[in-house]
Amino acid sequence: MNVDTQLELWEVFIQKNNGLPFKHEGSVHASDKETALQHARDIYTRRGEGRTIWVVPAKYIASTTADDEAMFFDTTDDKAYRHPTFYVMPEGAKQI
Amino acid sequence: MEDILTTPISQTALAHFEARLQNDEKIEPKDWMPEAYRKTVLRQMMQHAHSEVIGMQPEGNWVLRAPSLRAKKILLAKIQDEGGHGLYLYSAAETLGMDRTEMIQLLHEQKAKYSSIFNYPALTWADIGAIGWLVDGAAIVNQVSLQRTSYGPYARAMVRICKEESFHQRQGYEIMATMMKGTPEQQAMAQDAMNRWWWPSLMMFGPHDADSPHTEQSMEWKIKRESNDRLRQKFIDKTIDQAYVIGLTIPDKDLKFNEETKSYSIGPINWDEFWSVVKGNGPCNKQRMTHHIKYHEEGRWVREALEAFAKKQIEMN
């Protein structure tokens, strides 16, 4: 093998505490999922920043971009009735 | 860039890009950006990443000679952080389309730079104090400002790095403070480190604004949020008082305090020295690069073994 390798790229998601959502923290290079998890621990949780880690090969992540923003999300702009504040409640009605 | 601008679609894209910057929005990896913006951010992040990694060398020199187990554990943790910071930054830089392999190759071919400060040697234990307090201190001033940089992955890496760097600066200052309470020899050693690291730390912010041709464009694109001179002044004003608190003197005979602006003015910076070190003539330029290349080569078999193992796993499944 003459070509140098930095191995596959994995995206790292960390759950800070039980019950919280996983948050994207960065990426690591690793040959397989076990080493990817170990590298992610060493690089992103040196101060107890997490209790669970996900690693996902970066090539499997699909994403929209700022250019897609209008096409993707504008359709929800005119649907105010999806929010509770849209509705007029009778005066005196409580706990609703 | 001119070619891109001749097509109407790109002009719309450019207007959209500039409007987003105007609103202080972050630019994300897959968003459209001018080629010159991509190149500038990539170059800056790559240089920043290389600096973190090369910066491990002067400190690594002292791990086996740390004066106590406490000091050794702290130094190891700090050096590990610097390696981590390099990796956050490489990972952020890779989002702009260059592989880390190529970045390291550019470093080895001396086509990519790292901060010149790391071409100075760490001669005594007091240098470890001075590096943490002054070099990391200067880096923090710059990095706090970069938390607001316009490229999303860079800004996020900076937030994380800033959280960790404040321990670095404090441990350095603690070393200096301890030595200044010690024997006359220890005090002299601390002052000597101060004398050697003060000016190179001020040079870390780069040339004066008038001599920094790229600053204007970088500020317009919000890659850079504050100018070199402004950041340097912030560092000077907070660091000088810290020096006085522990009894160190500033090696600058022209230093003056301006009562009106509550700010210090310093003597002239030796830019000839700065450019000479940038161009490769500092005390340790050769040593730093030789060391990096040596360990990169010696680690090659580990990367190859990992890759072979991964291939075998796939075949077995």
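Residues numbered from 1 in each chain as written. Chains lettered and ligands numbered in written order. Predicted model: local features only at pLDDT ≥ 70, side-chain atom pairs only at ≥ 80, totals over all residues. Heavy atoms only, no water.

Secondary structure summary: chain A contains two helices and three strands in total. Beginning at the N terminus, the succession of helices and strands in chain A can be written as β-β-α-β-α. Here chain A has a C-alpha radius of gyration of 22 Å; the compact-globule value for 96 residues is 12 Å, and the former is much larger. Seen along its three principal axes, the alpha-carbon backbone of chain A occupies a region of about 75 × 35 × 15 Å. Out of the 96 residues belonging to chain A, those deemed buried represent 29%. Long-range contacts, defined as pairs at least 24 residues apart, comprise 43% of the intrachain contacts of chain A with a sequence gap of at least 6. Carbon and sulfur atoms provide 55% of the accessible area of chain A, an area that totals close to 7100 Å². When the 11 basic and 15 acidic side-chain charges of chain A are each reduced to a single mean position, those positions are 10 Å apart. (Helix = DSSP H or I, 4+ residues; strand = E, 2+ residues; numbered from the N terminus. Rg over C-alpha atoms; globule rule 2.2 N^0.38 Å. Buried < 20%, exposed > 50% of the residue type's maximum accessible area, 1.4 Å probe, protein only. Contact = heavy atoms within 4.5 Å. Areas by Shrake-Rupley, 256 points an atom, 1.4 Å probe, with all protein chains shown as cover. Lys, Arg positive; Asp, Glu negative; His and termini not counted. Charge placed at Lys NZ, Arg CZ, Asp CG, Glu CD.)

All names here are of chain B. It is at 10 Å that the axes of helix H5 (residues 69–94) and helix H6 (residues 100–108) come closest, and there the two elements cross at 110°. Taken together, H5 and H6 sit at an angle that is classed as roughly perpendicular. Seen along the crossing, H5 lies across H6 with a hand that is right-handed. Residue-level contacts link Leu87, Tyr90, Ala93 and Glu94 of H5 to Arg100, Met103 and Ile104 of H6. (Axes fitted to C-alpha atoms, helices over the stretch in contact; angles between N-to-C directions. Parallel < 35°, antiparallel > 145°, perpendicular 65-115°, else oblique. Left-handed = near helix turned anticlockwise from the far one by under 90°.)

Another point: the nonpolar core. All names here are of chain B. Judged by nonpolar contacts, the single largest core of 52 residues is most densely connected at Trp125, Trp197, Trp198 and Leu248. Sorting elements by how many residues they give to this core places helix H7 (residues 125–146) first, with ten residues. Sequence-distant contacts of Leu248, that is, excluding residues within four places in its chain, are made with Trp133, Met176, Met180, Ala190, Gln191, Met194 and Ala243. Leu21, Ile27, Tyr37 and Met158 belong to the second largest nonpolar core, which has 41 residues in total. (Core = buried A, V, L, I, M, F, W, Y, C linked by side-chain atoms within 4.5 Å.)

Okay, the pattern of salt bridges next. Scanning the model with the defined rule gives 29 salt bridges over all chains in all. Of the charged contacts, one joins Arg47 of chain A and Glu164 of chain B as a salt bridge, the two residues approaching to 3.4 Å between their closest N and O atoms. Taken together, the residues span two chains, with Arg47 of chain A in the loop between helix H1 (33–44) and strand E3 (52–57) and Glu164 of chain B in helix H8 (residues 152–180). For Arg47 of chain A, a relative accessible area of 38% gives the class partly exposed. Given the relative accessible area of 2%, Glu164 of chain B is considered buried. The salt bridge partner of Asp192 of chain B is Arg196 of chain B, with a shortest N-O separation of 3.0 Å. Taken as a pair, Asp192 of chain B and Arg196 of chain B lie in helix H9 (residues 184–203) at a separation of four residues, close to a single helical turn. Of the residues examined, Asp192 of chain B reaches a relative accessible area of 34% and is grouped as partly exposed. With relative accessibility at 26%, the residue Arg196 of chain B sits in the partly exposed group. (Salt bridge = Lys/Arg side-chain N within 4 Å of Asp/Glu carboxyl O.)

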